Amino acid sequence: MPVTERALELAMTAAQAAADKKAQDIVVIDVAEQLYITDAFVIASASNERQVASIVDAIEEALASLPEKAKPVRREGERQGRWVLLDYVDIVVHVQHAEEREFYALDKLWKDCPTMPFVDRDMVDAEAS
């Protein structure tokens, strides 16, 4: 079963919120065919714990401000600030310190799943100028 419209909306909103806070290597992975518990993973990296927290805050704020508000049903890892997981049921967001991202390699673990294209709107605006 493909990613739902709602999951796509949440994933792209979360990815853009992460990009707005200068997250690196943002990837949206369609896991709908492999997992029954969620449709997509959003994975983003940050260079330090403070940036991880800032990205997480921005994602939560962006998803809560959608017309059909979204709040995470589960949140893990905030205390350490190295890898924060936000579970929105339709999507799961992973914001990782760059070292954790490299070590755990979620991208490689889910490499058989298709990625969904995400383009930072600031990049599009910069290219149009």
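Everything here concerns the structure above.
Rules used in this analysis
Starting from 1, residues in each chain are numbered consecutively following that chain's sequence as written. Two thresholds apply to this predicted model, a pLDDT of at least 70 for residue-level local features and 80 or more for giving and counting side-chain atom pairs, whereas whole-chain, interface and lining totals are computed over all residues. Derived side-chain values reflect all non-hydrogen atoms in the structure, with water molecules and hydrogen atoms excluded from consideration. To qualify as a nonpolar core, a set must consist of buried Ala, Val, Leu, Ile, Met, Phe, Trp, Tyr and Cys residues joined through side-chain atoms within 4.5 Å. Accessibility here uses a 1.4 Å probe with only protein chains present; expressed as a share of the type maximum, an area under 20% marks a residue as buried, one over 50% as exposed, and anything in between as partly exposed. Here a helix means four or more residues in a row that DSSP labels H or I, a strand means two or more in a row labelled E, and each is numbered from the N terminus. One bridge is not enough; two strands pair if DSSP finds at least two bridges between them. Contacts were defined at the residue level, with two residues in contact if any of their heavy atoms lie within 4.5 Å. An axis is simply a line fitted to the C-alpha atoms; with a helix, the fit covers only the stretch in contact. Between two such axes, the angle follows the N-to-C directions and lies from 0 to 180 degrees. By definition, a salt bridge exists where a carboxyl oxygen of Asp or Glu is found within 4 Å of a side-chain nitrogen of Lys or Arg. Orientation labels follow simple angle bins: below 35 degrees gives roughly parallel, above 145 gives roughly antiparallel, 65 to 115 gives roughly perpendicular, and whatever is left gives oblique. Should the near helix be turned anticlockwise from the far one by less than a right angle, the crossing is termed left-handed; should it be turned clockwise, right-handed. In this classification, Asp, Glu, Lys and Arg are treated as charged, Ala, Val, Leu, Ile, Met, Phe, Trp, Tyr, Cys and Pro as nonpolar, and every other residue, Gly included, as polar.

A.B. asks: With reference to specific residues and values, describe the nonpolar core.
C.D. replies: Counting 33 residues, the largest nonpolar core has Val-42, Ile-59, Leu-63, Tyr-88, Ile-91 and Val-93 as the members making the most contacts within it. Only helix 1 (5–20), strand 1 (24–30), strand 2 (40–46), helix 2 (49–64), strand 4 (83–87) and strand 5 (91–97) provide two or more residues apiece to this core. Top element by residues in this core is helix 1. It accounts for eight residues.

A.B. asks: I'd like a rundown of the sheet that holds strand 2, residues and numbers included.
C.D. replies: Spatially, six strands are ordered 3-4-5-2-1-6 in an open sheet, and the strand pairing comes out mixed. In this open sheet, the two edge strands, each paired with only one partner strand, are strand 3 (74–76) and strand 6 (115–116). Helix 2 contacts strand 2, strand 3, strand 4 and strand 5 of the sheet and is inclined by roughly 160 degrees relative to strand 5.

A.B. asks: I'd like to hear about the pattern of salt bridges, residue by residue, with values.
C.D. replies: On inspection of all chains with the given rule, the structure shows 10 salt bridges. In this structure, Glu-49 engages Arg-82 in a salt bridge whose closest nitrogen and oxygen atoms are separated by 2.7 Å. Residue Glu-49 is located in helix 2, and its partner Arg-82 is located in the loop between strand 3 and strand 4; the two are separated by 33 residues in the primary sequence. Ionic contacts of the salt-bridge type, sharing partners, join the residues Glu-49, Arg-82, Glu-99 and Glu-100 into one network.

A.B. asks: Tell me about the pairing of strand 4, and name the residues and values.
C.D. replies: In terms of residue burial, strand 4 counts as a mostly covered element, since four of its five residues are buried. In this antiparallel pair of consecutive strands, strand 3 and strand 4, the connection spans six residues, and Gly-77 shows a positive phi of 90 degrees. Note: strand 4 against strand 5, five bridges, orientation antiparallel. Paired with Asp-87 across the strands is Val-92, a residue of strand 5. Between strand 4 and strand 5, which pair antiparallel in sequence order, lie three residues; one of them, Val-89, sits at a positive phi of approximately 70 degrees.

A.B. asks: Kindly report on unusual backbone geometry, identifying the contributing residues and their values.
C.D. replies: For Asp-25, which is not glycine, the phi torsion reads 50 degrees and is therefore positive. With respect to the helices and strands, the residue Asp-25 is situated in strand 1. In this structure Asp-25 comes out as exposed when scored by relative accessible area, which is 56%.

A.B. asks: Describe the pairing of strand 5, with residues and values.
C.D. replies: The element strand 5 is extensively covered by neighbouring structure, given that seven of its seven residues are classed as buried. Here strand 2 pairs with strand 5 via seven bridges, running parallel. In the strand pairing of strand 5, Ser-45 is matched with Gln-96.

A.B. asks: A description of the packing of helix 1 against helix 2 should follow, citing residues and the corresponding values.
C.D. replies: Put simply, helix 1 and helix 2 touch, their axes get as near as 8 Å, and they point 140 degrees apart. Judged by the inter-axis angle, helix 1 sits oblique to helix 2. Here helix 1 and helix 2 pass one another in a crossing that is right-handed. In this structure, helix 1 uses Leu-10, Thr-13, Ala-14, Ala-17 and Ala-18 to contact helix 2, whose residues at the interface are Ile-55, Ala-58, Ile-59, Ala-62 and Leu-63. Residue composition of the contact of helix 1 with helix 2, grouped by class: nine nonpolar, one polar and no charged.

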